[in-house]
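Observations on chain architecture
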Amino acid sequence: MSGNKLIFGLLFLFIAIVSLFSIGISSSIPFENELTKVSGQLEWVGSSKKIRIQLKLLENKHVFEYRQGDRLILDKIKSSIGKNISVLADLRSPVQDDYVPVYDIKIDGSSVVSYI
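Residues numbered from 1 in each chain as written. Predicted model: local features only at pLDDT ≥ 70, side-chain atom pairs only at ≥ 80, totals over all residues. Heavy atoms only, no water.

1. Quick look at the pairing of strand β3 (residues 63–66)
To keep it simple, the criterion reads: The buried label goes to any residue with under 20% of its type's maximum accessible area, the exposed label to any with over 50%, and the partly exposed label to all in between, with areas taken from a 1.4 Å probe on protein chains only. Helical segments are the DSSP runs of H or I of at least four residues, strand segments are the runs of E of at least two, and each set is numbered from the N terminus. Strands were regarded as paired on the criterion that DSSP finds at least two bridges between them.
Residues Val63 and Glu65 of β3 are buried on one face, and the alternating residues Phe64 and Tyr66, pointing to the opposite face, are buried as well. Relative to β3, strand β2 (residues 53–57) runs antiparallel, the two sharing four bridges. When the bridges of β3 are listed, Ile53 appears paired with Tyr66. The loop that links β2 with its antiparallel partner β3 comprises five residues; one of these, Glu59, has a positive phi angle of about 60 degrees. Relative to strand β5 (residues 100–107), β3 is paired through two bridges, and the arrangement is parallel. Bridge pairing links Glu65 to Pro101 in β5.

Okay, structure coming up:
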């Protein structure tokens, strides 16, 4: 019986690793050292139906977008308008829909979204 559990556990682990690896390749997440830290005061927050969260910082021309958001993250960011925020943004990537993708969000030094 425990042999079957071991085999099932190893199979599950293998599938999980392969899934994570394939997600990483398909989503083209840049390496952390390729990202630029941008900081400023949070001016406004928007969202789309797919829970893509858009952020605008005072005195910054870019509109940033976090693409894997959920309602909890959105609510946390919305309640932080006027606070200091920093993001890790891919300023090198082509801007899609006028948004710069972000992969890390900190508000007043506290992590809201961490780089993978």
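So much for the structure itself; the text now carries on.
2. Digging into the side chain of Asp104
Stated precisely, the cut-off is as follows: Here a polar contact is recorded for every N or O atom pair within 3.5 Å, except that within protein the pair must consist of a potential hydrogen donor and a potential acceptor, and residues adjacent in sequence are included only if both atoms are side-chain atoms. We call two residues contacting when some pair of their heavy atoms lies within 4.5 Å.
Summarising the element assignment, Asp104 is placed in strand β5. A polar atom in the side chain of Asp104 sits 3.0 Å from the backbone nitrogen of Tyr115. What Asp104 contacts, discounting residues up to four positions off in sequence, is Ser86, Val87, Leu88, Val113, Ser114 and Tyr115.

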